[in-house]
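# Coordinates in review
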Amino acid sequence: MKFYKNNSIRKQILILAFTMIFMVVITQIAYYVAVSSFATKQSNQYVDESLKNINRQLEKSMNSIMHNATLISTNQSVKEILLENDSTNRYALSKYIYDYMSYMISSPYISDIILMDNQDRRLAAVNRLDPTSERELIKEVEASQQWFYWTGTKKTLSNYNYTALGFKIYEQNNIIGIGIIITDAMYYQETLKSNLLSQEQVLILLDDNDILLSTNSNKNDILFSENKDYFNNNLNDYLLNKYIVSEHQWEIISYIPKDIISEDYDFVKNTIVIMGIVFISIMLIWMTIIVRNIYYPIRSLKEYISKSTSSKPDTRYNFNTNNEILTIKNTVNNMLDTIEINTRKIFQQQTEMHNLEMVRKEIQLMNFFAQINPHFLYNTLETIRGLGVINEENRIVNITTSLAALLRYSIKSDSFVLVKKEEEAVKNYLNIINIRYNEEIAYTIDIDKSLHDEKIIKMIIQPFVENAIKHGYDLEKPMTIQIKLTKEHHKMRLTIADNGLGMKNSKINEIYQRFRSDYSLNKIDNENIGLFNTFARLKLLYGNEFNINDFIILSEEDIGTIITIYIPIIKSN
């Protein structure tokens, strides 16, 4: 901070400009990264939900297959044909069994069913397996020690992928046959395809041995194996999600190219970049205006003052401006006029006076009065007050005394003051206002004496009083303002009530909306700047201990307004 203050105004403006540009760039980068992170997070949520849905469908199909296997293994007609050795009776029962199996194959989960008795006779076979694949499958099921046995991924000689559920059929604890329900891998492929989030997404279903069972693409195992290596080597380019099918430890894997994910948020990212460029451009224009309207006039004034100190100026300082520089310009010119007049008087007195020491003292005295010092305004007010006393103008005395006290109070650097000091400041302000309005404004101030030594934000009450008079004063009736400060639990309850013009509910809602959206002062219109300024100071200085619920506005048109604020009591230290 010391380094910043020791620089010239021009350098300070440049430092401020580059600092703000740097902060904007950093903020834009942070927003850009946040949007990308949000896009990835959202995509992960969508993919996870999609994988969960696939899992639900797979578990539903597996449960259905298990249910059908249970029905077959407990069906009495199935058991009868497995135990029947008479060919005539077997033939009569086989037609029922065939119809029964055909009905079950109508399920979308089941593509084939095989039934075999203990003599390796195929009692029902509605399948597309080649003999070799069928024999291997039957041997695997027979070798299993489980009642229900899920096989892994199987492949026929014609590259037909499938999974199967083998089960034993018992009669009085004796195995009388086996059954096999086959599910075509095409069913799983259709399930994967129905849950795609984009055409570029790759869904892979692996069995418990990490063997490819199905994928939404048309690649075979070998091509997929190569493709999987490609994915593993380029994971940074893909969003990878996995989900375990808890029933059988199958794994669902999803690959989505990250550039596809970012496409949906390109508009937001581009908007952020454009807004950053626009903001920086506006800021540069604003800095240019500041340099032109503030720095150039101040530099010109500095050069003029430097010239004035070295020689007698022939002209007065002149720079076209309408802001505070105009006040400084007028003050400097008035000072130079005063010095010139006083200097002329001194020279006139010098010719008339014979005592050189007296001339020197008078010149010092005249120069002292011509100087502008920090107490110039207070001394001026004191002079006006003295004139009021001499001329018995009590109103002038009162208003200058109150104004001087109010000015001294307002320019103190303290953010917090004692409640009793704030009360004095409000009284001084109301004293000035009453003189202005010919005693037409009545007021009462009721402050709990136990709060006199508590601390409160400086100038917290005056803006509400000013707002009440500015927007609520009615020429047709006297105005009354009531100010009350009491202690309520761990907070101070400040109430400012008036019987003025009041406000519409729409106006109150607008004020609250501005409080919720943004209470920064650079976005507040002059009409309500006192109200928003006070809210912003409360929020800034008290932080989380103060919120919008502590700021209550009640108003009715032509009746008046009541503003209640709950202010935290500052603890010791």
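Counting starts from 1 at the beginning of each chain's written sequence and moves along it residue by residue. This being a predicted model, a pLDDT of at least 70 is required before a residue's local features are given, and a value of 80 or more before pairs of side-chain atoms are given or counted; all residues contribute to the totals for chains, interfaces and linings. Excluded from the side-chain calculation are hydrogens and water; included are all heavy atoms of the structure.

### Brief notes about the overall build of the protein
- Helix and strand labels come from DSSP, where a helix needs a run of H or I of at least four residues and a strand needs a run of E of at least two; each type is numbered from the N terminus. Of the regular secondary structure elements, the protein holds 17 helices and 17 strands.
- Each residue is placed in one exposure class: buried if its accessible area under a 1.4 Å probe, protein chains only, is under 20% of its type's maximum, exposed if it is over 50%, and partly exposed if it falls in between. The 573 residues of the protein split such that 40% are buried.
- Total accessible area on the protein stands at roughly 34400 Å², and carbon and sulfur atoms take up 54% of it. In this description, accessible areas are obtained by the Shrake-Rupley approach with a 1.4 Å probe, and a residue is regarded as covered only by the protein chains that are shown.

### Section: the nonpolar core
- Among the nonpolar cores identified, the biggest contains 48 residues, and F515, F551 and I565 are the most heavily contacted of them.
- Per-element tally for this core: the top contributor is helix α14 (residues 419-436), with seven residues.
- Here, residues are in contact when the closest pair of their heavy atoms is within 4.5 Å. The residues touching F515, leaving out its near neighbours within four places in the chain, are L531, F532, F535, I548 and F551.
- In this structure, I54, M62, I169 and I176 belong to the second largest nonpolar core, which totals 37 residues. Here, the term nonpolar core denotes a set of buried Ala, Val, Leu, Ile, Met, Phe, Trp, Tyr and Cys residues that are joined through side-chain atoms within 4.5 Å.

### Here's the deal with the packing of aromatic side chains
- Between 30 and 60 degrees the pair is tilted, below 30 it is stacked and above 60 it is edge-to-face, where a pair is any two Phe, Tyr or Trp rings, Trp via its six-membered ring, whose centres lie within 6.5 Å. Scanning the entire structure with this criterion turns up 16 aromatic pairs.
- When the ring of F515 is compared with that of F535, the centres are 3.9 Å apart and the planes differ by 10°; the resulting orientation is stacked. Taken together, the residues span a long stretch of sequence, with F515 in helix α16 (residues 505-517) and F535 in helix α17 (residues 529-542) at a distance of 20 residues. Each member of the pair, F515 as well as F535, is classed as buried.
- Between F535 and F551 the ring centres are 5.7 Å apart and the planes differ by 75°, which places this aromatic pair in the edge-to-face class. In this pair, F535 is assigned in helix α17 and F551 in strand β16 (residues 551-556), connecting sequence segments 16 residues apart. Both residues of the pair, F535 and F551, count as buried.
- Taken together, the ring pairs in this structure connect F464, Y512, F515, F532, F535, F546 and F551 into an aromatic cluster.
- Stacked on the ring of Y437, the Lys or Arg R436 has its end atom at 4.6 Å from the ring centre.
- We note R514 situated over the ring of F532; from NZ or CZ to the ring centre the distance is 5.3 Å. Whether a charge sits over a ring depends on NZ of Lys or CZ of Arg being within 6 Å of the ring centre and within 35 degrees of the ring normal.

### Notes on helix α6 (residues 185-193)
- Looking only at α6, the buried set comprises A185, Y187, Y188, Q189, T191 and L192.
- Pairs of N or O atoms are called polar contacts if they sit within 3.5 Å, as long as, within protein, a hydrogen donor faces a hydrogen acceptor (for residues adjacent in sequence, only side-chain-to-side-chain pairs). The residue sitting at the N-terminus of α6 and contributing the capping side-chain oxygen is D184; that oxygen lies 3.0 Å from the backbone nitrogen of M186.

### Things to note about the side chain of E423
- For E423, the location among the structural elements is in helix α14.
- Apart from residues no more than four positions distant in its own chain, E423 is found in contact with I445, I447 and H452.

### A look at the pairing of strand β10 (residues 250-257)
- By the criterion of burial, β10 is predominantly enclosed, with eight of the eight residues buried.
- With burial as the criterion, each face of β10 is covered, one bearing W250, I252, S254 and I256 and the other bearing E251, I253, Y255 and P257.
- When DSSP locates at least two bridges between a pair of strands, those strands are taken to pair. Where strand β9 (residues 238-245) meets β10, eight bridges bridge the pair, whose relative direction is antiparallel. Along β10, the bridge assignment pairs Y238 with P257.

### Quick look at the sheet that holds strand β12 (residues 441-447)
- Strand order across the open sheet formed by five strands is β12-β14-β15-β17-β16, with mixed pairing between neighbours. Looking at the sheet topology across the chains shown, the edges are occupied by β12 and β16. Here the average twist between neighbouring strands, direction ignored, is 10°.
- Where strand β14 (residues 479-488) meets strand β15 (residues 491-498), eight bridges bridge the pair, whose relative direction is antiparallel. By the bridge assignment, I483 is partnered in β15 with I496.
- Packing against the sheet, α14 makes contact with β12, β14 and β15, and its axis sits at approximately 175° to β12. For helices, the fitted axis covers only the stretch in contact; all axes are lines through C-alpha atoms, and the angles between them, taken along N-to-C directions, range from 0 to 180 degrees.

### Focus: the pattern of salt bridges
- Salt bridge, as used here: a side-chain nitrogen of Lys or Arg that lies within 4 Å of a carboxyl oxygen of Asp or Glu. Across all of its chains, the model carries nine salt bridges by this definition.
- For the salt bridge of R90 with D117, the shortest nitrogen-to-oxygen distance reads 3.9 Å. Of this pair, R90 sits in helix α4 (residues 87-105) while D117 sits in strand β1 (residues 112-117), and the two are 27 residues apart along the sequence. Like R90, the residue D117 is buried in the burial classification.
- Here K427 and E423 are joined by a salt bridge, their closest N and O atoms 3.4 Å apart.

### Thoughts on the environment of F515
- Look at F515 and you get buried, because its relative accessible area is 3%.
- A sequence separation of 36 residues divides F515 from F551, and the C-alpha atoms of the two residues are 9.8 Å apart.

### With respect to the confidence of the model for the protein
- Mean pLDDT for the protein: 77, with 78% of residues reaching 70 or above.
- Ignoring residues within four places in sequence, the model shows residues 219-227, a span with pLDDT below 50, making eight contacts including any to other chains.
- Each residue carries a pLDDT value, the predictor's own confidence for that position, ranging from 0 to 100. Below a pLDDT of 50 lies the segment residues 354-376, which in the model reaches 17 contacts outside its immediate sequence neighbourhood of four places, other chains included.

### A closer look at the packing of α14 against helix α15 (residues 462-472)
- The interhelical angle for the contact between α14 and α15, taken along N-to-C directions, is 25°, at an axis separation of 10 Å. As judged from the angle between their axes, α14 and α15 are roughly parallel. In this structure, the crossing between α14 and α15 has a hand that is right-handed. Contact residues: α14 offers E422, V426, Y429, L430 and I433, while α15 offers Q462, V465, E466 and I469. Roughly parallel means an angle under 35 degrees; roughly antiparallel means over 145; roughly perpendicular covers 65 to 115; every other angle is labelled oblique. Crossing handedness: left-handed means the near helix sits turned counterclockwise from the far one by under a right angle, and right-handed means the same turn made clockwise.

### Some thoughts on the pairing of β1
- Across the six residues of β1, six count as buried, placing the element largely inside the fold.
- Neither face of β1 is left uncovered, since the one carrying D112, I114 and M116 and the one carrying I113, L115 and D117 both have all their residues buried.
- Where β1 meets strand β6 (residues 174-184), six bridges bridge the pair, whose relative direction is antiparallel. In the sheet register, M116 faces β6, and the bridge partner there is I178.

### Looking at the sheet that holds strand β7 (residues 202-206)
- As summarised here, the arrangement of the four strands in space is β8-β7-β10-β9, forming an open sheet in which the pairing is antiparallel. Edge positions in the sheet fall to β8 (212-215) and β9, since each has one partner strand and no second. Pairs of neighbouring strands in the sheet enclose a mean axial angle of 20°, with direction left out of account.
- Sheet analysis places β7 next to β10, joined by five bridges and oriented antiparallel.

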